Amino acid sequence: MKLNLTVHPRFRIGILPMILLALMGIAFVIAMIRYTFGIGPITDLSNSYPWGFWISFDLFTGVAISSGGFLMAGTVYILRIKEFQPLLRPSVLTAFLGYIMVAVALLVDLGHPERIWYMMIHMNGTSVLLEIGICVMSYLTVLAIEFAPVVFEGIKWQKFAHLIHKFIMPFVILGVVLSTLHQSSLGSLLLIQPTKLHPLWWTPFLPIMFFTSAITIGLGMIILESSLSSRYFQRGLEVHLLEKLAKVIPIVLAVYAFLKFGELAWAGELGYLFTSGVMSILFWAEILIGVVTPFILFSIKKVRQSANGLLTGAIILLLGMILNRFNVSWFAVKHPDPLFYLPSFMSNVHYFPTLPEVLVSVGIFSAGIMAFGLAAKYLPVFENEEHSHETAVTPTPAIGD
Amino acid sequence: MIEIKHKAYLFDATRCIDCRACMVACSVENSIPMDKTRIWVAGVGVKGEFPNLDRATMVYHCMHCEHPDCMSACPVGAYHKRDDGPVIYNPDVCIGCRYCMNACPFGVPHFDYDKGIIAGAFIDKCTFCPQRVDNGLEPACVATCPTDALEYGEREDMIKAAHARIAAHPERYIDHVYGEFENGGTSYLILSHVPFSELGLPAIPEKPVNEVSEKVMEMTIPFAIGWGAVLTAITAGIALYDKKKDTQKPAELDEKVEAPK
């Protein structure tokens, strides 16, 4: 069976692009207001809550959901499991756009966005944030190189595409190292808050927890992004490949759960599981949604082999894991109660994101979706379909080795 | 613990009369606008039943930690700890990430939320008045305090004085000098007659808060190099193995999916 590649993606002047453009416009206006009048007028951030929704969603969630790129690059280039080739380009594109979104969001959140490059000349070696900044900047460059062949093929500069492909290996290895570093460092970012972060989450092993969960998030994102784009662009879905990825998820989740509960037992903090009120509920919610449910779902062969099952499982997994990122960076962080010593004009004990704050993130996210759509339409992102086996559209058991 | 030879404040909550002259003195000395301040005086209100009434006030500013967490956290090194005690913030390199505010266990640094990109939004906090200290004067808040609730001197002497005061009036004080060991020691020492938590001071362990994160950061570069080497070895190994397999069984080639050229 030959795939019908003449099908035009439904991406003309549809209703979705219009909505996305409108959301981007709103975010742009809000960002301009923020640059003119400061962060205070448009957000609920205060001296008691210096970091809020932008950090939890754009930085913590944004980086985590971009981890598919290094997973696929590592699988295809380093482990040389070539059958995953069809998933490589969409994953690298997702990661590339994801990191650009993180960078753009940080430029809104930073007090001095024009000084972001100071990180490269004034380095403070003890700062986890420096490591993340440097890693994200370098990894963006690596992703640009990894994605460049697609652009060159798109504009028919085959020679350049070939050239980059020839020297891709060092960049792939660098990319995996950088990703390992900053995916785990996002956890290290909270290490300096042992007195502020709830003990259910604060542990010296936060970096390892973050890296382990980032792997499941990356796999979940690949499944989600393949499923959605196959629906939207009416192209084939590589169920047999996604099935293999889904098979890995329960294993990683088991390791993750073992680490989480093992650490709590080791630190003698198991009691907090039931005695911390809202914190206990948040912890169990994150475990049940992000670990237990996807573990069960992806352990069932029938679920893994159906397009709907894969999509449902991935969405549940991602919701739970994103809740984890929000818990660690926001819900479970308690800043010292400033009622005593801060005058009310300088503090705000209760933080809740304002509408403009959320709209900025929504706008940046819309831009990401828009860019993905445009790239998928004009660049050979899904180009491998014609030689990725005839099995691409029909779910069949594993092939090859 | 090693004695650190440098200056420190000593605040005695039993002596504070809540006059807030220190706040005014600080604002005047450092030209702080009226709606901002680097020093806060907070009262916990009147407690107890008549006639046994009690009240306490607390003067709160930067603790000038011996192992400053703001300094450890700042990605661009905008903070530094001077040898004679003060933790100084340098706005010229600050990128406004506000990680120092997250890192500080006392919630001291504060940020200009009402300033745009042209006005310049910076962090602000107590500077220990280096412009006065360097000229042999006491910090403005100390110099102005009418009841000697705030004092200033060698850290060693201040700790000794604090313990002497507790020993002389054990019924008046809680037997603890807050800041002697908290967060690895601070240059702002506090004596109180009510529990420190009632003054709004957090319970901080004696180990510096940044200890774990700094240890993890030390491992980063060795880990990166090691992990890079391991990955290179794996890559080379698998590539070699594949090559060998391909030459041995050329028939298998057809089954493999070729990389896009």
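Residues numbered from 1 in each chain as written. Chains lettered and ligands numbered in written order. Predicted model: local features only at pLDDT ≥ 70, side-chain atom pairs only at ≥ 80, totals over all residues.

## Points about the overall build of chain A
When you go through chain A residue by residue, the secondary structure sums to 15 helices and zero strands. Within the span of chain A, comprising 401 residues, buried residues form 51% of the whole. For chain A, the share of sequence-separated contacts (at least 6 apart) that also reach a separation of at least 24 residues comes to 80%. (Helix = DSSP H or I, 4+ residues; strand = E, 2+ residues; numbered from the N terminus. Buried ≥ 20, exposed ≤ 12 C-beta atoms within 10 Å, placed from the backbone. Contact = placed C-beta atoms within 7 Å.)

## Points about the environment of Leu88(A)
Residues and elements named next belong to chain A. Mapped onto the elements, leucine 88 comes out in helix α4 (residues 85–109). With 24 C-beta atoms packed within 10 Å, leucine 88 lands in the buried category. Residues leucine 88 and leucine 355, spaced 267 residues apart in sequence, show a C-alpha to C-alpha distance of 36 Å. In this structure leucine 88 touches Met72, Ala73 and Val76, once residues within four positions along its chain are discounted.

## A look at the interface of chain B and chain A
Taken residue by residue, the interface counts 62 residues in chain B and 63 residues in chain A. For the side of chain B that touches chain A, the secondary structure elements donating two or more residues are β2 (40–47), β3 (54–60), α2 (69–73), α3 (99–103), β6 (110–111) and α7 (211–248) of chain B. In terms of residue count, the dominant contributor to the side of chain B that touches chain A is α7(B) (16 residues). Tallied by class, the residues present in the side of chain B that touches chain A amount to 38 nonpolar, 14 polar and 10 charged. (Nonpolar A, V, L, I, M, F, W, Y, C, P; charged D, E, K, R; others polar.)

## Describing the domain arrangement of chain A
Residue and element names in this part refer to chain A. When its domains are assigned, chain A resolves into domain 1 (10–189 + 343–379) and domain 2 (193–334). If you average the C-alpha positions of domain 1 and of domain 2, the two centres end up 21 Å apart. Domain 1 puts 27 residues into the contact, and the matching count from domain 2 is 25 residues. By residue class, the composition of the side of domain 1 that touches domain 2 is 13 nonpolar, 13 polar and one charged. (Domains from an automatic or database assignment.)

## Re the sheet that holds strand β1 (residues 7–12) of chain B
All names here are of chain B. In space, the three strands of this open sheet follow the order β8-β1-β9, with mixed pairing throughout. Across the chains shown, the open sheet's two edge strands, defined by having one partner strand only, are β8 (150–154) and β9 (188–191). Strand-to-strand twist of the sheet, defined as the mean angle between neighbouring strand axes without regard to direction, takes the value 25 degrees. Bridge analysis of β1 against β8 gives five bridges, and the strand direction is antiparallel. Its bridge partner being in β8, leucine 10 is matched across the sheet by glutamate 151. Contacts between helix α6 (residues 155–168) and the sheet are confined to β1, β8 and β9, with β8 contributing the most and set at about 130 degrees to the helix. (Pairing = 2+ DSSP bridges. Axes fitted to C-alpha atoms, helices over the stretch in contact; angles between N-to-C directions.)

## A word on the pairing of β2(B)
Residues and elements named next belong to chain B. Pairing geometry for β2 and β3, over six bridges, is antiparallel. Of the residues in β3, the one forming a bridge with valine 46 is arginine 55. Linking two consecutive strands that pair antiparallel, namely β2 and β3, is a turn of six residues; a positive phi of about 90 degrees is found at glycine 48 within it.

## Structural notes on the environment of Ala314(A)
Residues and elements named next belong to chain A. Residue position: alanine 314 is located in helix α14 (residues 307–331). We classify alanine 314 as buried; it has 29 C-beta atoms within 10 Å. Along the backbone, alanine 314 and asparagine 124 are 190 residues apart, and their C-alpha atoms lie at a distance of 38 Å. The contacts of alanine 314, once residues within four sequence positions are left out, are Gly220, Ile223 and Leu224.

## Section: the packing of helix α2 (residues 53–65) of chain A against α4(A)
The packing of two helices is summarised by the inter-axis angle and the distance between the axes. Residue and element names in this part refer to chain A. One way to put it is that α2 packs onto α4 with a least axis distance of 9 Å and a crossing angle of 160 degrees. With respect to each other, α2 and α4 are oriented roughly antiparallel. Viewed along their axes, α2 and α4 form a crossing whose handedness is left-handed. Mapping the contact onto sequence places Trp54, Ile55, Asp58, Leu59, Gly62, Val63 and Ile65 in α2 and Gly98, Met101, Val102, Ala105, Leu106, Val108 and Asp109 in α4. Looking at the contact of α2 with α4 residue by residue, the class counts come to 10 nonpolar, two polar and two charged. (Parallel < 35°, antiparallel > 145°, perpendicular 65-115°, else oblique. Left-handed = near helix turned anticlockwise from the far one by under 90°.)

## A closer look at unusual backbone geometry
That bond from Phe50(B) to Pro51(B) is cis: its omega, 10 degrees, falls within 30 degrees of zero. The topology assignment puts Pro51(B) in the loop between β2 and β3. Even without being glycine, Arg80(A) reaches a positive phi, approximately 55 degrees. Following the sequence through the fold, Arg80(A) ends up in the loop between α3 (68–78) and α4. A count of 15 C-beta atoms within 10 Å places Arg80(A) in the partly exposed class. Positive phi values are uncommon outside glycine, yet Arg20(B) reaches one of about 65 degrees. Tracing the chain through its elements places Arg20(B) in the loop between β1 and α1 (21–30).

## What to know about the domain arrangement of chain B
Domain boundaries assigned for chain B yield domain 1 (7–209) and domain 2 (214–255). Domain 1 of chain B and domain 2 of chain B are separated by 53 Å when their C-alpha centres are compared.

## Details of the pairing of β9(B)
Residues and elements named next belong to chain B. Here β9 shows two buried faces, one formed by Tyr188 and Ile190 and the other by Leu189 and Leu191. Where β1 meets β9, four bridges bridge the pair, whose relative direction is parallel. Note on β9: the bridge partner recorded for phenylalanine 11 is isoleucine 190.

## Describing the packing of helix α6 (residues 128–154) of chain A against helix α7 (residues 158–166) of chain A
Residue and element names in this part refer to chain A. It is the contact of α6 with α7, at a shortest axis distance of 8 Å, that shows an interaxial angle of 160 degrees. Regarding the angle of α6 to α7, the classification is roughly antiparallel. α6 and α7 meet at a crossing whose hand is left-handed. Here α6 contributes Ile145, Ala148, Pro149, Phe152 and Glu153 to the contact with α7, which in turn contributes Gln158, Phe160, Ala161, Ile164 and His165. Residue composition of the contact of α6 with α7, grouped by class: seven nonpolar, two polar and one charged.

## Things to note about the confidence of the model for chain B
Residue and element names in this part refer to chain B. Across chain B, the average pLDDT comes to 87, with 93% of residues at or above 70. Contacts from residues 252–261, a stretch scored under 50 in pLDDT, to residues over four places away or in other chains number 13 contacts. For this predicted complex, the interface score ipTM comes out at 0.88, while the overall pTM is 0.88. (pLDDT = per-residue confidence, 0-100.)

## Description of the nonpolar core
Counting residues in hydrophobic clusters, the biggest one holds 180 residues, and the most contacted among them are Phe11(B), Cys100(B) and Leu189(B). Tallying contributions element by element places α4(A) first for this core, with 14 residues. Other than its neighbours up to four places away in sequence, Cys100(B) contacts Cys70(B), Ala73(B), Cys74(B), Tyr79(B), Pro109(B) and Ile123(B). (Core = buried A, V, L, I, M, F, W, Y, C linked by C-beta atoms within 7 Å.)

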